[in-house]
Amino acid sequence: VLQIYQQQRSSATALLSGIAGHFHLPHQVVEPVFDRLVALDYVVRDGDEVSLTADGQRQVESASALVRRWVVDNLTLPPGFAEAVYAVLQPGAS
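Residues numbered from 1 in each chain as written. Predicted model: local features only at pLDDT ≥ 70, side-chain atom pairs only at ≥ 80, totals over all residues. Heavy atoms only, no water.

Enquirer: Can you walk me through the overall build of the protein in this structure?
Expert: The secondary structure content of the protein amounts to five helices and three strands. The secondary structure elements of the protein, listed N-terminal to C-terminal, are α-β-α-α-β-β-α-α. For 94 residues, the compact-globule formula gives about 12 Å, and the C-alpha radius of gyration of the protein, at 21 Å, lies well above that figure. With the principal axes as the frame, the protein shows a C-alpha extent of 65 × 25 × 20 Å. Buried positions account for 16% of the 94 residues belonging to the protein. (Helix = DSSP H or I, 4+ residues; strand = E, 2+ residues; numbered from the N terminus. Rg over C-alpha atoms; globule rule 2.2 N^0.38 Å. Buried < 20%, exposed > 50% of the residue type's maximum accessible area, 1.4 Å probe, protein only.)

What follows is the structure, encoded as structure tokens:
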């Protein structure tokens, strides 16, 4: 669903063959995954074109929230870190 979302944002149309090509795979390899996404009502498929349903869009939002939360939890600087670095880099600091 994230690849569909990304392709739709960049080119307005998401293609199964394009997504497969992005991962250097033949479309036959990823086709069962998309068939499952259709069965779960996350994706609508019309030949090679795929698009997200409302449920698929909610999955994208949920995954994006998890990634943002992980980034904030794991990649933020501890309080006071920026000030300590700034103080060390000041002329005359020892």
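Read on for the rest.
Enquirer: Got a minute to help me understand the sheet that holds strand S1 (residues 14-15) in this structure?
Expert: For sheets, the rule is that strands pair by backbone hydrogen bonds, running either parallel or antiparallel. Spatial ordering of the open sheet is given by S1-S3-S2, a layout of three strands whose pairing is antiparallel. Each edge of the open sheet carries a strand with a single partner, namely S1 and strand S2 (43-46). Pairing geometry for S2 and strand S3 (residues 49-52), over four bridges, is antiparallel. Paired with Arg45 across the bridge in S3 is Val50. The sheet contacts of helix H3 (residues 27-39) involve S2 and S3, and relative to S2 the element is tilted by about 120°. (Pairing = 2+ DSSP bridges. Contact = heavy atoms within 4.5 Å. Axes fitted to C-alpha atoms, helices over the stretch in contact; angles between N-to-C directions.)

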